[in-house]
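Coordinates in review
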Amino acid sequence: MKLDHIGVAVRSLEQSLKFYRDQLGLRVAGTEEIPSEKVRVAMLPLGEGRLELLEPTAEDSPIARFIQKRGEGIHHIALEVEHLDRHLRQLEAGGVRVLPGKSEYGASGHRYAFLHPASCGGVLVELVEAAPPVRRESR
Ligand code: CO
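Counting restarts for each chain, with residues numbered from 1 along the sequence as it is written. Per-residue local features are limited, in this predicted model, to residues with pLDDT of at least 70; the limit for side-chain atom pairs, both in listing and counting, is 80 or more; totals at the level of whole chains, interfaces and linings are taken over all residues. For the side-chain quantities, the full set of heavy atoms in the structure was used; hydrogens and water were omitted.

Here's the deal with the overall build of the protein chain
Labels follow the DSSP assignment, with helices taken as runs of H or I lasting at least four residues and strands as runs of E lasting at least two, numbered in each case from the N terminus. Each helix and strand in the protein chain was counted, giving four helices and eight strands. Only protein chains enter the accessibility calculation, which uses a 1.4 Å probe. A residue is then buried if its area is under 20% of the maximum for its type, exposed if over 50%, and partly exposed in between. Residues counted as buried form 37% of the 139 residues belonging to the protein chain. Excluding contacts between residues fewer than 6 apart, the proportion of contacts in the protein chain whose partners are at least 24 apart in sequence is 51%. Entry remark: accessible area of the protein chain is about 8,100 Å², with carbon and sulfur atoms responsible for 50%. Two residues qualify as a contact provided that any one of their heavy atoms is within 4.5 Å of a heavy atom in the partner residue. Only the protein chains shown count as cover for residues, and all accessible areas are computed by the Shrake-Rupley method using a 1.4 Å probe.

Some thoughts on unusual backbone geometry
Positive phi outside glycine occurs at Lys38, with the angle close to 55°. Looking at where Lys38 falls in the secondary structure, it is placed in the loop between strand S2 (30-34) and strand S3 (39-46).

Quick notes on helix H1 (residues 13-23)
Among all positions in H1, only Leu13, Ser16, Leu17 and Tyr20 are buried. The arc that holds every buried residue of H1, seen down its axis, measures 105°, which confines them to one face. Seen from the open side of H1, the exposed residues pointing more than 90 degrees away from its buried face are Glu14 and Gln23. Tucked inside the fold, the buried residues of H1 contact strand S1 (2-9), S2, S3 and strand S4 (49-56). Note: the arc covers the axis-to-C-beta directions of the helix.

What about the coordination of the cobalt ion?
By definition of the ideal shapes, four donors in a tetrahedron about a metal sit 109.5 degrees apart, and six donors in an octahedron sit 90 or 180 degrees apart. Keep in mind that water is not among the atoms, so a site may look incomplete; donors are the N, O and S atoms within 2.8 Å of the metal, or 3.2 Å for Na, K and Ca. At 2.1 to 2.2 Å from the cobalt ion lie its protein donor atoms, namely His5 (NE2), Glu52 (OE), His76 (NE2) and Glu126 (OE). Any site counts as irregular unless it has four donors with all angles between 85 and 135 degrees, making it tetrahedral, or four or six donors with opposite ones more than 155 degrees apart and the rest between 65 and 115, making it square planar or octahedral. Around the cobalt ion, the four donor atoms are arranged such that angles at the metal cover 83 to 167°; this shape is classified as irregular. Of note, the donors binding the cobalt ion are all from one chain and are spaced H-x46-E-x23-H-x49-E. Residue His5 is found in strand S1, and its partner Glu52 is found in strand S4; the two are separated by 47 residues along the sequence. Given the relative accessible area of 5%, Glu52 is considered buried.

Description of the environment of Ala29
When you line up the elements, Ala29 lands in the loop between H1 and S2. The spacing of Ala29 and Leu44 is 15 residues in sequence and 5.6 Å in space, taken between C-alpha atoms. Ignoring anything within four residues of it in the chain, the contact list for Ala29 reads Met43 and Pro45.

Topic: helix H2 (residues 62-70)
Listed as buried for H2 are Ile63, Ala64, Phe66 and Ile67. Projected down its long axis, H2 carries its buried residues within an arc of 160°, all on one side. Exposed side chains of H2 directed beyond 90 degrees from the buried face belong to Gln68 and Lys69. As for H2, its buried residues are in contact with S1, S3, S4 and strand S5 (73-81).

Focus on the pairing of strand S7 (residues 111-115)
With five of five residues buried, S7 lies mostly within the body of the structure. Of the two faces of S7, the one lined by Arg111, Ala113 and Leu115 and the one lined by Tyr112 and Phe114 are each fully buried. Paired strands, in this sense, are two strands between which DSSP finds at least two bridges. In this sheet, strand S8 (residues 125-129) lies alongside S7 in antiparallel orientation, the contact comprising four bridges. Residue pairing across strands places Phe114 opposite Glu126, the latter belonging to S8.

A closer look at the side chain of Ser61
The residue Ser61 is located in the loop between S4 and H2 in this model. Its relative accessible area of 0% is what places Ser61 among the buried residues. Nitrogen and oxygen atoms within 3.5 Å of one another constitute a polar contact, given that in protein one can donate a hydrogen and the other can accept it, and given that sequence-neighbouring residues count only through two side-chain atoms. Engagement of the side chain of Ser61 in a polar contact is seen with the backbone oxygen of Lys38, the distance being 3.0 Å. Once residues lying within four places of it in the same chain are set aside, the contact partners of Ser61 are Glu37, Lys38, Val39 and Pro56.

Read these as layout, nothing more, since geometry by itself doesn't imply function.
Written out as structure tokens, the structure reads:
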């Protein structure tokens, strides 16, 4: 298992890129909108991992609610796993709470799921499957 990315909730991608891209010099690999999560995402490669900047696209977006409650900041950490379903089965069997909406397709078409912070020491943990499944590639 390795760190895939760190998700950072921001009010504005444009504003936050003034720091991460223009000041720190990180490269923006891509930007995409994920309608199911109501966010716009910018991915910035960082060593073997990435920074994922998340800008809400609607007032009722989970990211918008996070910023309203806690301000901008680190939102989640994402770990890469080979077999998402197997990990989820094991975790759930061990009493870990998996948030609804698991196994949906997220940024770059990867399957993912979120684990409840109450099960993870107060951290929202995302599990990302390493490679998109075959049926996704045929689209
Ligand atoms: Co993420």
